[in-house]
Amino acid sequence: MEQGMRQYLAGKIRNVAIAGHGSSGKTSLAEALLFKAGATDRLGKVADGNTVCDFDVEEIRRKVSVSSAVAPFAWGSVKINLIDTPGLFDFAAGMYEGVRPAESVLIVVSARSGVTVGAQKAYKLADSMGKSKMFFVNKMDAEHADFYKVLEDLKASFGPSICPLVVPVVEDHKVQCYINLVDNKAYKYNEKGEPAEVAMPDIAHRFEGLIGAISEAVAETDEALFEKFFSGEQFTRDEIIKGIHNGVHTGAITPVLCGSAATLEGIDMLLDSLVDHLPSAWEAGSETAQDASGEPIEIACTDEAPLAAYIFKTVADPFVGKLSYFKVVSGKLSGEVAPVNSRTGEQERLGKLIYMTGKKQEDTAFITAGDIGAVTKLSGAVTGDTLCDPKKIVSFERVEFPEPCLSMAVKVKNKGDEGKVAQGMQRLIEEDPSIGFEQNAETHQQVISGLGEQHLDVIVSKLKSKFGVDIGLTKPRVAYRETIRKPVKVQGKHKKQSGGHGQYGDVWIEFSPYDGEGLLFEENVFGGSVPKNFFPAVEKGLQDCVKHGVLAGYPMVGLKAVLVDGSYHPVDSSEMAFKTAASLAYKAAMPQASPALLEPIGNLKVYVPDSNTGDIISELNKRRGRVLGMNPDEDGMQVIEGEVPMSEMGDFATVLRSTTQGRGSFTLKFERYELLPSQLEASVIEEAKKMNEEEA
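Residues numbered from 1 in each chain as written. Predicted model: local features only at pLDDT ≥ 70, side-chain atom pairs only at ≥ 80, totals over all residues. Heavy atoms only, no water.

**A short note on helix α16 (residues 652-659)**
Now for step 1: Of all the residues in α16, the buried ones are Phe 652, Ala 653 and Leu 656. End-on, the buried residues of α16 take up no more than an arc of 100°, which puts them together on one face.
Now for step 2: On its buried face, α16 is in contact with β24 (406-412), β33 (595-609), α15 (613-622) and β36 (665-675).
Now for step 3: Phi turns positive one or two residues past the end of α16, at Gln 661, with a value near 50°. (Buried < 20%, exposed > 50% of the residue type's maximum accessible area, 1.4 Å probe, protein only. Helix = DSSP H or I, 4+ residues; strand = E, 2+ residues; numbered from the N terminus. Arc of directions from axis to C-beta. Contact = heavy atoms within 4.5 Å.)

Rendered as structure tokens:
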């Protein structure tokens, strides 16, 4: 690929993320664009595992994209950096990181399934990040493809900015030709996907409305054009193209094109549109950053300014080393400079600078404003970091990644592999910030979190293939607590007389429930029956005891202990003896004090479409949840708030996703402990017994 060696100025660069629902054909479309532009010499297929953008072992095995990939190519005098992103919600981190460096998002919808949740999510993300948008209706060659139904769907979902530029002429469920409404020309494609102009079909009058709509949209983008339109004059082709370009940049126009990645129909017109209608990096690549004192500062996308770039993706491969993908917003990144990482304040030593095409690397001396590249061996940098000129320190906004919502506990196949798991997870989190990992000191488990079952499955696979650790996943243990419900007063006496020094400690302690965490220790001893210097030993003895309750061995909370009386021996009493006496008192008291188990309760917020609120509320009732209220959110969504036992929420992420077709999301945060219903106690105690046996 010789053309990749050329450098392009920001005005000649288009950074385009491809997003949309799973299996709408994003990776195949990237493949078709690369092939049509002459950047590859064959058309790879996802099914054969030989596409440019799905090169990861996991992607080839699953035949779906798991992470984002970059593929640059030239079309005419313009360089297009395509960023292919995953459509499955489990791998949403790839969509977030891929949309970040793009100025525009090409949203792919299937001509068969139309506007799906994935397309809506991609549109919403592009909108919230201020990106230009364009739709491509793919799979026009498929059975039951219905472009005009999808177009109505797009208008209903995304409003009046939707503007078709290429439409099909369909007879007997087959596309006869495609009409380019901008040029007012019709094209037919042969089996190699090559276009030939054909005469406008007789039904062309049906498209007058669509052509009129383009002129109307163009008139809205510019006052002079509006005057011209109003006086009934026709626009020139240049005026239409300029008007669409400006409208796409401001968000007033969202173009719709169509074709097929499989047969290459319409791909040439899509390439022309990417160049003509989408904003260049120079126009739309400037960003607001914070300067060294935290004030906002505008960074223009030009190579004639100090260096400012940010890392949008990290690949942490144990064999190849670390690869950081970045976008240069201003200035030039070259091997000669040692930029400062504004998060750490340290200078970064750059490894090799490369252009990536899928997994293929190509060395380059420098990468200029508006362009995307990668650098090896940036040891201290992570996704979201800004690299900048030491004389002008700035920080770009970091991407907010989706929060992990499904957690499972690790079961290592080989004892002693826990350290390897922790190291491997640390590396995987560098690559994918939507992964969570914690070593839970209380349940003695390592817990992995992700965005869904497939996400966790990929994590398990990668731990094995990249870090050589074999693990299984099980339901995480719940951190229960124990408490008491009635007061008792008991004696604890420790007495050992043997030759020489004996041991003697004697205490009377009142135990009672109180509102609070842990243990509250007080003393109320009259007349020095227990000398003051032994009080700390009594408290220490109790502190050691409350780590393990009597029912299931969980920590004891809400316990008040008052030392009221006791006795001592002038020679045989020691701190050790009083510590032991206190623990004897605890062991005697707890079974009489009506002990009970407490379970953790979480505060839950579920975001669901209107139509699913009933299903989700009944789902929460099944899980012993309490619904506290429901409020409307934006986009016809509702927020259901409630409290629910953490132990019941293990598979909630999976159920919510299937109930709402992936539209729903939730947050769950620990709130407090509450009494566990007594009919559930036996099974929790049984579980705890098993757990202790496993660890013994």
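Read on for the rest.
**Observations regarding unusual backbone geometry**
Now for step 1: Although it is not a glycine, Asp 172 sits at a positive phi angle of roughly 50°.
Now for step 2: Locating Asp 172 in the fold gives a position in the loop between β7 (166-171) and β8 (174-180).
Now for step 3: The phi torsion at Arg 624 lies on the positive side, around 60°, for a residue other than glycine.
Now for step 4: In this fold, Arg 624 is placed in the loop between α15 and β34 (626-632).

**Here we look at the packing of aromatic side chains**
The way to describe two aromatic rings as a pair is by their centre distance and the angle between their planes.
Now for step 1: Inspection of the entire model under this criterion finds 14 aromatic pairs.
Now for step 2: Relative to Phe 666, the ring of Phe 652 lies with its centre 5.1 Å away and its plane at 80°, an arrangement referred to as edge-to-face. In this pair, Phe 652 sits in helix α16 while Phe 666 sits in strand β36, placing the two residues 14 residues apart along the sequence.
Now for step 3: For Phe 652, a relative accessible area of 0% puts it in the buried group.
Now for step 4: Using a relative accessible area of 15% as the deciding quantity, one classes Phe 666 as buried.
Now for step 5: Through pairs of rings, three or more aromatic residues link up here, namely Tyr 123, Phe 135 and Phe 158.
Now for step 6: If you follow Arg 100 out to its NZ or CZ, it ends over the ring of Tyr 310, 4.1 Å from the centre.
Now for step 7: The ring of Tyr 325 has Lys 313 sitting right over it, with the charged end atom 5.6 Å from the ring centre. (Phe/Tyr/Trp six-rings, centres within 6.5 Å; stacked < 30°, edge-to-face > 60°. Lys NZ or Arg CZ within 6 Å of the ring centre and 35° of its normal.)

Purely geometric stuff here, so don't read any function into it on its own.
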